[in-house]
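Now for the letters of each chain:
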Amino acid sequence: MILGRMVGTVWATRKNPRLENFKLAIVRPYFWYNPSHDVEHVIAVDQVGAEVGQDVLVCVGQPGRWVAGDSRCPIEASVMAIVDSVEIERGTENAPVAPFALRSRFLPTTLVRVGDGGSTARDAGLHETDGGTP
Amino acid sequence: MKLCRVVGAVWGAKEAGSLGGRKLLAVRPVAVASGHSPADISADGERADLQDGIIVALDQLGAGIGEYVLVAHGSRVRDLTLGPGVPTKDVVVAIVDSANIDLDLLAEGGAS
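Residues numbered from 1 in each chain as written. Chains lettered and ligands numbered in written order. Predicted model: local features only at pLDDT ≥ 70, side-chain atom pairs only at ≥ 80, totals over all residues. Heavy atoms only, no water.

Draft legend 1. Local environment of the overall build of chain A. Within chain A, the secondary structure is distributed over 3 helices and 7 strands. When the elements of chain A are put in sequence order from the N terminus, they spell out β-β-β-β-α-β-β-α-β-α. Counting across all 134 residues of chain A, residues that qualify as buried make up 50%. Long-range pairs, those at least 24 residues apart, make up 63% of the contacts in chain A with a sequence separation of at least 6. (Helix = DSSP H or I, 4+ residues; strand = E, 2+ residues; numbered from the N terminus. Buried < 20%, exposed > 50% of the residue type's maximum accessible area, 1.4 Å probe, protein only. Contact = heavy atoms within 4.5 Å.)

Printed below as a string of structure tokens:
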């Protein structure tokens, strides 16, 4: 799963029949892992009713199709949850977690920093820049 | 899925038989966070900023150059739309009427 901010919506009439009745959200990930084409957005099917501006959890891959309710729809990602709050240990939020985190200070609106900031990204295990699992 | 703009078409005089003469499009992903893209994206509107790099996607919907499309990636997506055995991993799954992006939400350092 990835954590991102819903920044927009997409409307399409001519589309694969299995995409009918899906609300499509444009999500900008905060922390990406192993992006297939190194893009800085992902279009996710939203069935939980997220609104533009909210932080969301997005599930990528086959589980995203299960969440969408039709395991045969040609989608890549689904919104799984609307995030109330994210806690990250102080000092690790700017760690090089992913390519886009490296380039930006784009951080969750719901971010809460905890701890004393004495530890490093390495201690928190957040230093991986490639691979990773959903 | 990615929001992309169709920038061209690709034809092959000789191509894998399993492609079956299907239409191939050259697309580029929209750089939503570049800071220069318009808030409202549609084929008639102001041009969106695009990311570097071209993806060649197979199109069954009949998208034209200049239109915005959603391109899905992966072998599962290919199996579900075209059936197995088609040698592509990128498929056009929707032609976008319009997309709206809240540019304020893309600002860096959204949290203090």
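Draft legend 2. Representation of the overall build of chain B within the structure. The secondary structure content of chain B amounts to 1 helix and 6 strands. In sequence order, chain B lays out its α and β elements as β-β-β-β-β-α-β. Across the 112 residues in chain B, those meeting the buried criterion constitute 48%. Of all intrachain contacts in chain B linking residues separated by at least 6 positions in sequence, the fraction that spans at least 24 positions is 63%. By element, 48% of the accessible surface of chain B is carried by carbon and sulfur atoms, the whole surface being about 5,000 Å². (Areas by Shrake-Rupley, 256 points an atom, 1.4 Å probe, with all protein chains shown as cover.)

Draft legend 3. Expanded view of the interface of chain B and chain A. Residue-level contacts link 41 residues of chain B with 43 residues of chain A. Roughly 3,300 Å² is buried in total at the junction of chain B and chain A, and carbon and sulfur atoms are behind 56% of that figure. Applying the counting rule to chain B against chain A returns 1 salt bridge. A salt bridge links Arg 14 of chain A to Glu 67 of chain B, with the shortest nitrogen-to-oxygen separation between them at 2.8 Å. (Buried area = accessible area lost by both parts, 1.4 Å probe. Salt bridge = Lys/Arg side-chain N within 4 Å of Asp/Glu carboxyl O.)

Draft legend 4. Examining the environment of Pro 17 of chain A more closely. Within the secondary structure layout, Pro 17 of chain A lies in the loop between β1 (2-15) and β2 (23-29). Considering only alpha carbons, one finds Pro 17 of chain A and Cys 73 of chain A, 56 residues apart in sequence, at a separation of 8.7 Å.

Draft legend 5. Structural detail: the pattern of salt bridges. Going through the model one piece at a time under the given rule, you end up with 6 salt bridges over all chains. The closest approach of N and O atoms between Lys 23 of chain A and Asp 46 of chain A, which form a salt bridge, is 2.7 Å. Taken together, the positions of Lys 23 of chain A in strand β2 and Asp 46 of chain A in strand β3 (residues 42-46) put the pair 23 residues apart, joining distant regions of the chain. Here Asp 79 of chain B ties to Arg 78 of chain B by a salt bridge, and the two come within 2.8 Å at their closest N and O atoms.

Draft legend 6. Broad picture of a nonpolar patch on the surface. All names here are of chain B. Taken together, the side chains of Val 7, Val 10, Ile 54 and Val 56 make up a nonpolar region of the molecular surface, amounting to roughly 280 Å² of accessible area. Inspection of the secondary structure assignment puts Val 7 in strand β1 (residues 2-10). Note on Val 7: relative accessible area 32%, which makes it partly exposed. (Patch = residues over 30% accessible without salt bridge, like charges linked within 9 Å, V, L, I, M, F, W, Y side chains within 5 Å.)

Draft legend 7. Molecular detail of the side chain of Arg 5 of chain B. Residue and element names in this part refer to chain B. Here Arg 5 is to be found in strand β1. Within the buried core, Arg 5 has no salt-bridge partner, and the shortest N-O distance to an opposite charge, that of Asp 44, equals 9.2 Å. Of note is the side chain of Arg 5, whose polar atom sits 3.2 Å from the side chain of Tyr 68. Apart from residues no more than four positions distant in its own chain, Arg 5 is found in contact with Ala 26, Val 27, Arg 28, Val 30, Arg 47, Leu 50, Gly 66, Glu 67 and Tyr 68. (Lys, Arg positive; Asp, Glu negative; His and termini not counted. Polar contact = N/O pair within 3.5 Å; in protein donor to acceptor, adjacent residues only side chain to side chain.)

Draft legend 8. Summary view of the nonpolar core. Core analysis: the largest hydrophobic core is formed by 35 residues, its most contacted members being Val 10, Ile 26 and Ile 43 of chain A together with Leu 3, Ile 41 and Leu 70 of chain B. No other element matches the 6 residues that strand β6 (residues 90-101) of chain B contributes to this core. Look past the residues within four positions of Leu 70 of chain B in its chain and what remains in contact with it is Val 10, Leu 24 and Ile 43 of chain A together with Lys 2, Leu 3, Val 91, Val 92, Val 93, Ala 94 and Val 96 of chain B. (Core = buried A, V, L, I, M, F, W, Y, C linked by side-chain atoms within 4.5 Å.)

Draft legend 9. Expanded view of unusual backbone geometry. Even without glycine at this site, Asn 21 of chain A takes up a positive phi of about 70 degrees. With a relative accessible area of 75%, Asn 21 of chain A lands in the exposed category.

Draft legend 10. Summary view of the pairing of strand β4 (residues 55-59) of chain B. Residues and elements named next belong to chain B. Of all 5 residues making up β4, 4 are buried, and the element is well covered by its neighbours. As defined by bridge partners, strand β2 (residues 23-29) adjoins β4 across 5 bridges and the pair is classed as antiparallel. By the bridge assignment for β4, Val 27 is matched with Ile 55. Bridging between β4 and β6 involves 2 bridges; their strand directions are parallel. Paired with Leu 58 across the strands is Val 91, a residue of β6. (Pairing = 2+ DSSP bridges.)

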